[in-house]
Amino acid sequence: MSVNNQIPDYDLDDLLVVTAPDQLRALADPLRGTLLELLLERAATVNELAAAVDRPKSSVAYHVNLLVEAGLLKVVRTRRVRAIEERFYGRVARTYYVGALHRPEDKRMVAAINGITTAAAESAAAHAADELRCTLVHARIPIEDVRAFWSEVQALARRFAQIPRAGDQVYGFVAGLYPTDAPTLPDAAQD
């Protein structure tokens, strides 16, 4: 038996820019977000996903079908089990990037899938146990540097997602880059 070191164990695009309303609605559901995260580890069947999230198979199948219809999941392989063809699902892209949105209803959906909000809720117990690793830094930099820095952060997140799965604890990684109203010093006087 050969060991596949690729994470996940199927081919997928690196990035999908998400702007369609059905894709945004699909991403806004917490269970569907969890299913998408699980599929970063490896392809899985509906039975495996249902066992992982401790939900009925019919409920998970419904959510998987919505993700497939939205173009966020695909069947990556099948196998025959007795007289039934079992489907293994995988993501279509490693990263789903919410692109430019112009309609108010789209912006409300993005608020529901904001990674920082999810991370804040998930990290409360780690904070209470003094196990939260976090940093917040402000910098006044040009937009070109913001774009370059964010590309580096995305590369780091992809590296984190590809670390071989082991151990008993799941860790979250969140990063945000946003404009603020933080104070700045005036430009230094030219001598």
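Heads up: these notes are all about the structure in this document.

About the thresholds
Residues numbered from 1 in each chain as written. Predicted model: local features only at pLDDT ≥ 70, side-chain atom pairs only at ≥ 80, totals over all residues. Heavy atoms only, no water. Core = buried A, V, L, I, M, F, W, Y, C linked by side-chain atoms within 4.5 Å. Buried < 20%, exposed > 50% of the residue type's maximum accessible area, 1.4 Å probe, protein only. Helix = DSSP H or I, 4+ residues; strand = E, 2+ residues; numbered from the N terminus. Contact = heavy atoms within 4.5 Å. Axes fitted to C-alpha atoms, helices over the stretch in contact; angles between N-to-C directions. Parallel < 35°, antiparallel > 145°, perpendicular 65-115°, else oblique. Nonpolar A, V, L, I, M, F, W, Y, C, P; charged D, E, K, R; others polar. Phe/Tyr/Trp six-rings, centres within 6.5 Å; stacked < 30°, edge-to-face > 60°. Lys NZ or Arg CZ within 6 Å of the ring centre and 35° of its normal.

1. Topic: the nonpolar core
Phase 1 of the analysis: The biggest cluster of nonpolar side chains holds 27 residues, and the ones touching the most others in it are L35, V60, V64, L72 and Y96.
Phase 2 of the analysis: Looking at this core, the elements with two or more residues in it are α1 (21-28), α2 (30-38), α3 (46-53), α4 (57-69), β3 (84-91) and β4 (93-98).
Phase 3 of the analysis: Counting residues per element, this core draws most heavily on α3, which supplies 4 residues.
Phase 4 of the analysis: When near neighbours in sequence (up to four residues on either side) are disregarded, Y96 contacts L16, V18, L27, L36, L72 and R91.

2. With respect to the packing of α2 against α4
Phase 1 of the analysis: One way to put it is that α2 packs onto α4 with a least axis distance of 10 Å and a crossing angle of 80°. Between α2 and α4, the crossing angle belongs to the class labelled roughly perpendicular. From α2, L31, R32, L35 and L36 reach across to α4, where they touch S59, V60, H63, V64, L66 and L67.
Phase 2 of the analysis: Residue composition of the contact of α2 with α4, grouped by class: 7 nonpolar, 2 polar and 1 charged.

3. Focus: the packing of aromatic side chains
Each pair of aromatic rings is reported with the distance of its centres and the angle of its planes.
Phase 1 of the analysis: Applying the stated criterion across every chain yields a total of 1 aromatic pair.
Phase 2 of the analysis: When the ring centre of F88 is taken as origin, the NZ or CZ atom of R77, which lies over that ring, is 4.9 Å away.

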